[in-house]
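An overview of the molecular structure
Spelled out from the first residue to the last, the chains are:
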Amino acid sequence: MKKTEKILVTGGAGYIGSHTVIELIEQGYTPVILDNFSNAHPSVIPLMEAIAGEPILMVQGDCNDSELLRNLFSEHDFSGVIHFAAFKAVGESVANPLKYYQNNLFSLIQLLRVMEEFKVTKLVFSSSCTVYGTPVGATKVDEQTQLGVPNSPYGWTKLMCEQILRDAVIANPKLQVIFLRYFNPIGAHPSGKIGEFPQGVPNNILPYMTQTASGILPQLTVYGNDYPTPDGTCIRDYIHVCDLADAHICALDYLSVPRELAVFNIGTGTGVSVLELIAAFEQATGKPLNWKFGPRRVGDVVKIYADAQSAAEKMNWKATRTVNDAVRDAWKWEQNRLANENRN
Ligand code: NAD
Ligand code: UD1
């Protein structure tokens, strides 16, 4: 793909999308964001523009709106699509599964129909390591690892979207699709201008830590200390969001020649325990974090991390940032965000 080309980025105002849009611009692409702001705030756009140093093309709207999609595809000659738009709150998906199946499946189906109509053939799809469920046997999973039973309706939407795409590619071999299975994205842009800002009390560990350290939340509870791991806490593959953003550029490069459907794990290849993450965070902030052990969280996978060799070999992508970089950047973002809130 030539780098001046236009890329539709659905969900491009969200956490991973916003970092990817910056990277696309830095690499010379012209991203066009489609986002309905269901889980992002319009104020992120000027912050992204401040980082990018140029205006960003942005359309407010819903991926389920086929008319709007058609207008967008008529107006712009897209050479590819990165599809981030989805709901992602695991707990909410258990409480309201239909909301998740409707948004996450239908938005993909509408998008595929309009892509076909306008003969746009390249798609990078945001998948998740949740499709492996609880891995049996080895906990370092490669892309051949048998897919598991996701632990939530959200997880099922990712597995189902993958299946929809597999079938769509069989029916239309011109369609070129990559699934990027993200492990645990954390961190923020090193400028501290954009980062993760979950609505309500965070479920994921790093935003919980930053909000505890800044005094918004009283204390972090570490879920379980009796797991069969070296320090008794669960192990994950935490990946810096900017490394994740880079993976999308590599995916577009990989699609610059005709390819069959490809699947890549996007992780660092290293497992980090909850206590190790806390230690890294305390080092980055220079102060102790208020935390305690609590009971295990229902449904938690004990240990999972990525074998990301395939992404390295086939699309020349490798994580280059450390967990220490990620917690440092997340903390910078939290402090900036609070300083801005206090000013306004
Ligand atoms: P996010 O919620 O921050 O971003 C998603 C964006 O999509 C939001 O800006 C939201 O407003 C928008 N959106 C949702 N539905 C839409 C629709 N119908 N039309 C238009 N816009 C819509 O989430 P994120 O963390 O940036 O995740 C991006 C993608 O990566 C999602 O598909 C998510 O499932 C996947 N993913 C995320 C993680 C993670 O831990 N963050 C892990 C694995 C996979
Ligand atoms: C989350 C998602 C999962 C997704 C994965 C990768 C949930 C429930 N699951 O899971 O669908 O595929 O990210 O993006 O959101 N922890 C604490 N205290 C806390 C929060 C978390 O100890 O307050 C621990 C957890 O037990 C876990 C680790 O921190 O061991 C990471 O938790 P989290 O950030 O929620 O990610 P995942 O459990 O991997």
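Residues numbered from 1 in each chain as written. Chains lettered and ligands numbered in written order. Predicted model: local features only at pLDDT ≥ 70, side-chain atom pairs only at ≥ 80, totals over all residues. Heavy atoms only, no water.

1. What to know about the site of ligand 2
Our working rule: Throughout this document, a residue counts as near a molecule or strand when at least one of its heavy atoms sits within 4 Å of that molecule or strand. For this analysis, a polar contact is any N or O atom pair within 3.5 Å, provided that within protein one partner can donate a hydrogen and the other can accept it, and provided that sequence-adjacent residues contribute only side-chain to side-chain pairs. Computed with the Shrake-Rupley method and a 1.4 Å probe, the accessible areas treat only the protein chains shown as cover for residues. Counting from the N terminus, the helices are DSSP H or I runs at least four residues long and the strands are E runs at least two residues long. For this classification, the nonpolar set comprises Ala, Val, Leu, Ile, Met, Phe, Trp, Tyr, Cys and Pro, the charged set comprises Asp, Glu, Lys and Arg, and every other residue, Gly included, is treated as polar.
Surrounding ligand 2, one finds 20 residues, the nearest of these being Asn 184, Thr 221, Arg 236, Arg 297 and Asp 300. One of the side-chain N or O atoms of Arg 236 is found 2.6 Å from an oxygen atom in ligand 2. At 2.5 Å from an oxygen atom of ligand 2 is found a side-chain nitrogen or oxygen belonging to Asp 300. Look at ligand 2: alone it shows 730 Å² of surface, and the protein chains cover 88% of it. The set of elements that each furnish at least two residues to the shell around ligand 2 consists of strand 8 (184-186), helix 7 (205-213) and strand 9 (220-223). The biggest single contributor to the shell around ligand 2 is strand 9, with four residues. Looking at the shell around ligand 2 residue by residue, the classes come out as 11 nonpolar, six polar and three charged.

2. Comments concerning the pattern of salt bridges
Operational definition: Note on definitions: salt bridges are taken to be side-chain nitrogens of Lys or Arg within 4 Å of carboxyl oxygens of Asp or Glu. Each residue gets one of three labels from its accessible area relative to the maximum for its type: buried under 20%, exposed over 50%, partly exposed in between, using a 1.4 Å probe on protein chains only.
If you walk through the whole model with that rule in mind, you get 15 salt bridges. Where Glu 92 meets Lys 99, a salt bridge forms, and the shortest distance between an N and an O atom there is 2.9 Å. Given the relative accessible area of 33%, Glu 92 is considered partly exposed. Judged by relative accessible area, which is 31%, Lys 99 ranks as partly exposed. Between Asp 226 and Arg 296 there is a salt bridge, and its shortest N-O distance comes to 3.0 Å. Within this pair, whereas Asp 226 is found in the loop between strand 9 and strand 10 (235-236), its partner Arg 296 is found in the loop between strand 14 (291-294) and strand 15 (305-306), the two being separated by 70 residues in sequence. Given the relative accessible area of 52%, Asp 226 is considered exposed. Owing to a relative accessible area of 44%, Arg 296 belongs among the partly exposed residues under this scheme. Bridged by salt links that share partners, the residues Glu 67, Arg 70 and Glu 117 form one connected network.

Read these as spatial facts, not as claims about activity.
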